[in-house]
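# Topology and contacts: notes
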Amino acid sequence: MQALELKVPPLILVLLFALAMWVIVPLTPPWLRWHTLSVFLAAGFVSAGVVVALMGVLAFRRAKTTVDPRVPQQSSSLVIRGIYRYSRNPMYLGFLLLLMAWGCYLQSGVALLLLPLFVLYMNRFQITPEERHLQQKFGADYQAYFTQVRRWL
């Protein structure tokens, strides 16, 4: 299973999950679809997702460290300010919110059931390996941050 660690860029993973959600919609019974709030929910989740992800990217840019999640060993500094005071992974949280928006837009409760799989995959094959590298590189500073701030929110 380690062969999958840090191999699939998270943005590609988001696109694959979005495609899977779209494919599953015709399989969704009509009684599991809703129409009234879907556009408003989608707009809210898109807004939140974009803001959260961008805040994460901007914090990395300000710290002049890599944004490429496939090479955590290239991190030049531990980013713990801004949105990183609330989430260790705001970019991934932003992606999750965007997928939630997509599921709402598709008006498919079944498509939303794929979101826990996204979280599980990200935890196992992206976040855990990143955390190992950060622990090795930043030691006690990362451990203190790890114990104070939650992984997602």
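What this report covers is the structure whose coordinates are included nearby. (Residues numbered from 1 in each chain as written. Predicted model: local features only at pLDDT ≥ 70, side-chain atom pairs only at ≥ 80, totals over all residues. Heavy atoms only, no water.)

### Looking at the overall build of the protein chain
Stated formally: Helix numbering and strand numbering both begin at the N terminus, where a helix is a DSSP run of H or I of at least 4 residues and a strand a DSSP run of E of at least 2. Throughout, the radius of gyration refers to the C-alpha atoms, and the reference size of a globule is 2.2 Å times the residue count to the power 0.38. In this scheme, a residue with accessible area under 20% of its type's maximum is buried, one over 50% is exposed, and one in between is partly exposed, where area comes from a 1.4 Å probe on protein chains only. Working rule for contacts: check all heavy atoms of both residues, and any pair within 4.5 Å makes them a contact. Each accessible area is a Shrake-Rupley estimate made with a 1.4 Å probe; only the visible protein chains count as cover when residues are assessed.
Of the regular secondary structure elements, the protein chain holds 5 helices and 0 strands. Starting at the N terminus and walking to the C terminus, you meet the elements of the protein chain as α-α-α-α-α. The C-alpha atoms of the protein chain give a radius of gyration of 17 Å, which matches the 15 Å a tight globule of 153 residues would have. Burial analysis of the protein chain (153 residues in total) assigns 44% to the buried set. Looking at the protein chain alone, contacts between residues at least 24 apart form 79% of all its contacts between residues at least 6 apart. Carbon and sulfur atoms provide 70% of the accessible area of the protein chain, an area that totals close to 8,900 Å².

### Overview of a nonpolar patch on the surface
Just so we agree on the cut-off: Two joining distances apply to patches: 9 Å for like charges and 5 Å for nonpolar side chains (Val, Leu, Ile, Met, Phe, Trp, Tyr), and every residue must have over 30% relative accessible area and no salt bridge. The working definition used for a salt bridge is a side-chain nitrogen of Lys or Arg within 4 Å of a carboxyl oxygen of Asp or Glu.
Residues Leu11, Ile12, Leu15 and Leu16 make up a contiguous nonpolar surface patch of roughly 390 Å² in combined accessible area. Among the structural elements, Leu11 can be located in helix α1 (residues 10–24).

### A few points about the packing of helix α3 (residues 90–105) against helix α5 (residues 115–148)
Packed helix pairs are specified by the crossing angle of their axes together with the interaxial distance, meaning the distance between the axes. Convention followed: Fitted lines through C-alpha atoms serve as axes, helices being fitted only where they are in contact, and the angles separating the N-to-C directions of these axes extend from 0 to 180 degrees. Working rule for angles: under 35 degrees goes down as roughly parallel, over 145 as roughly antiparallel, 65 to 115 as roughly perpendicular, anything else as oblique. Note: crossing handedness is left-handed where the near helix turns anticlockwise from the far helix by less than a right angle, and right-handed where it turns clockwise. Charged residues are taken to be Asp, Glu, Lys and Arg, nonpolar residues to be Ala, Val, Leu, Ile, Met, Phe, Trp, Tyr, Cys and Pro, and polar residues to be all remaining types, Gly included.
In the contact formed by α3 and α5, the axes pass within 11 Å of each other and the chain directions differ by 165°. Looking at the two axes, α3 sits roughly antiparallel to α5. The handedness of the crossing between α3 and α5 comes out as right-handed. Between α3 and α5, the residues in contact are Tyr92, Phe95, Leu96, Leu99 and Met100 and Leu115, Phe118, Val119, Met122, Gln126, Ile127 and Glu130, respectively. Of the residues contributing to the contact of α3 with α5, the split by class is 10 nonpolar, 1 polar and 1 charged.

### Here we look at the pattern of salt bridges
In a structure, side chains of opposite charge can pair up when their charged atoms sit close to one another. With the rule as written, the count across this model stands at 5 salt bridges. With a closest N to O distance of 2.6 Å, Arg124 and Glu5 form a salt bridge. Taken as a pair, Arg124 in helix α5 and Glu5 in the segment before α1 lie far apart in primary sequence, 119 residues in all. Assessed through its relative accessible area of 31%, Arg124 is described here as partly exposed. Overall, the relative accessible area of 10% leaves Glu5 in the buried class. A salt bridge links Arg70 to Asp68; its shortest N-O distance comes to 3.1 Å. Residue classification places Asp68 among the partly exposed residues on the basis of a relative accessible area of 26%.

### Let's talk about the layout of surface pockets
Which entries qualify depends on this criterion: Using a grid of 1 Å spacing that covers the protein atoms alone, one calls a set of points a cavity when a 1.4 Å probe fits there but cannot get out, and a pocket when the set is open and has protein on both sides within 12 Å along at least five of seven lines; lining residues are those with an atom within 4 Å of a point. Grid points are joined across faces, edges and corners, and a volume is the space filled by probe spheres set on the points.
Volume-wise, the largest pocket comes out at about 460 Å³. The wall of the largest pocket is formed by 28 residues, among which Phe60, Tyr84, Met91, Tyr92 and Glu130 lie closest to the centre. Contributions of two or more residues to the lining of the largest pocket are made by α1, α2 (38–62), α3 and α5. Of the residues that constitute the lining of the largest pocket, the class distribution is 19 nonpolar, 5 polar and 4 charged.

### Structural notes on the packing of α1 against α5
It is at 11 Å that the axes of α1 and α5 come closest, and there the two elements cross at 160°. Relative to α5, the element α1 is oriented roughly antiparallel. Two packed elements cross with a definite hand, and for α1 against α5 that hand is right-handed. Two secondary-structure elements touch here, α1 through Pro10, Leu13, Val14, Phe17 and Met21 and α5 through Leu115, Leu117, Phe118, Tyr121, Met122 and Gln126.

Structural measurements only, silent on function.
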